[in-house]
Amino acid sequence: QVQLVESGGGLVQAGESLRLSCAASRSIGLNFMGWHRQPPGKVRELVATITSGSSTNYADSVKGRFTISRDNAKNTVYLQMNSLKPEDTAVYYCYGNWQSAGGYWGQGTQVTVSS
């Protein structure tokens, strides 16, 4: 069993920044971690991922504005979100996948961007 604890959501105005954090209870055997989001009334979508080798991947809608990073010593993944737009409003979920343990989701954190 792996636990993911997210923090950092909130209410901001368009153009401002937020940083989300996701602390994992396990690091051994990590394949990748990432962030997904679910806008109101829409399906959950991938935002960004980072592998154990620190390769990153981003949705086209966030490229150039969001940055995913890892702190291995803290077993924590971050999502730095700059130049936020109202369409970034969503519940953001951390996800991780581990060898022999499978995939796990965090509880979600709300990000609201006002225009």
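A short tour of the structure in this document, coming up. If you're wondering where the values come from, they're calculated on a predicted model, not measured in any experiment.

With that out of the way, let us pick up the sheet that holds strand S8 (residues 76-81). Within the open sheet, the four strands sit side by side as S1-S3-S8-S7. Their pairing is antiparallel. Two strands close off the open sheet at either side, each with one partner strand: strand S1 (4-7) and strand S7 (66-71). Pairwise comparison of adjacent strand axes, ignoring direction, gives a mean angle of 15° for this sheet. The pairing of S1 with strand S3 (residues 18-24) spans four bridges and is classified as antiparallel. Its bridge partner lying in S3, Leu-4 is registered against Ala-24.

To continue, consider the pattern of salt bridges. The full count for this structure, using the stated rule, is four salt bridges. Of the charged contacts in the structure, one is a salt bridge between Arg-37 and Glu-45, with a shortest N-O distance of 2.7 Å. By relative accessible area, which is 32% here, Glu-45 ends up partly exposed. Between Arg-37 and Asp-88 there is a salt bridge, with its nearest N and O atoms 2.9 Å apart. Here Asp-88 lies in the loop between S8 and strand S9 (90-98) and Arg-37 lies in strand S4 (residues 30-38), a separation of 51 residues in the sequence. By the burial criterion, Arg-37 is buried, and Asp-88 matches it.

Here the focus is the packing of aromatic side chains. What the rule picks out here adds up to four aromatic pairs. Considering the side-chain rings of Phe-32 and Tyr-95, the 6.0 Å spacing of their centres and the 40° angle between planes classify their relative orientation as tilted. Taken together, the positions of Phe-32 in strand S4 and Tyr-95 in strand S9 put the pair 63 residues apart, joining distant regions of the chain. By relative accessible area, which is 28% here, Phe-32 ends up partly exposed. Relative accessible area serves as the criterion here: at 16%, Tyr-95 is assigned to the buried category.

Turning our eyes to something else, we now look at unusual backbone geometry. Its identity as a non-glycine residue notwithstanding, Ser-54 has a phi of 70°, on the positive side. As for its placement among the helices and strands, Ser-54 is situated in the loop between strand S5 (45-51) and strand S6 (56-58). A relative accessible area of 45% means that Ser-54 is categorised as partly exposed. A positive phi angle is found at Ser-83, which is not glycine, with a value near 50°. If you trace the backbone, Ser-83 turns up in the loop between S8 and S9. Looking at Ser-83, the relative accessible area reads 40%, which means it is partly exposed.

What counts, and at which threshold
- Residues numbered from 1 in each chain as written.
- Predicted model: local features only at pLDDT ≥ 70, side-chain atom pairs only at ≥ 80, totals over all residues.
- Heavy atoms only, no water.
- Pairing = 2+ DSSP bridges.
- Helix = DSSP H or I, 4+ residues; strand = E, 2+ residues; numbered from the N terminus.
- Axes fitted to C-alpha atoms, helices over the stretch in contact; angles between N-to-C directions.
- Salt bridge = Lys/Arg side-chain N within 4 Å of Asp/Glu carboxyl O.
- Buried < 20%, exposed > 50% of the residue type's maximum accessible area, 1.4 Å probe, protein only.
- Phe/Tyr/Trp six-rings, centres within 6.5 Å; stacked < 30°, edge-to-face > 60°.

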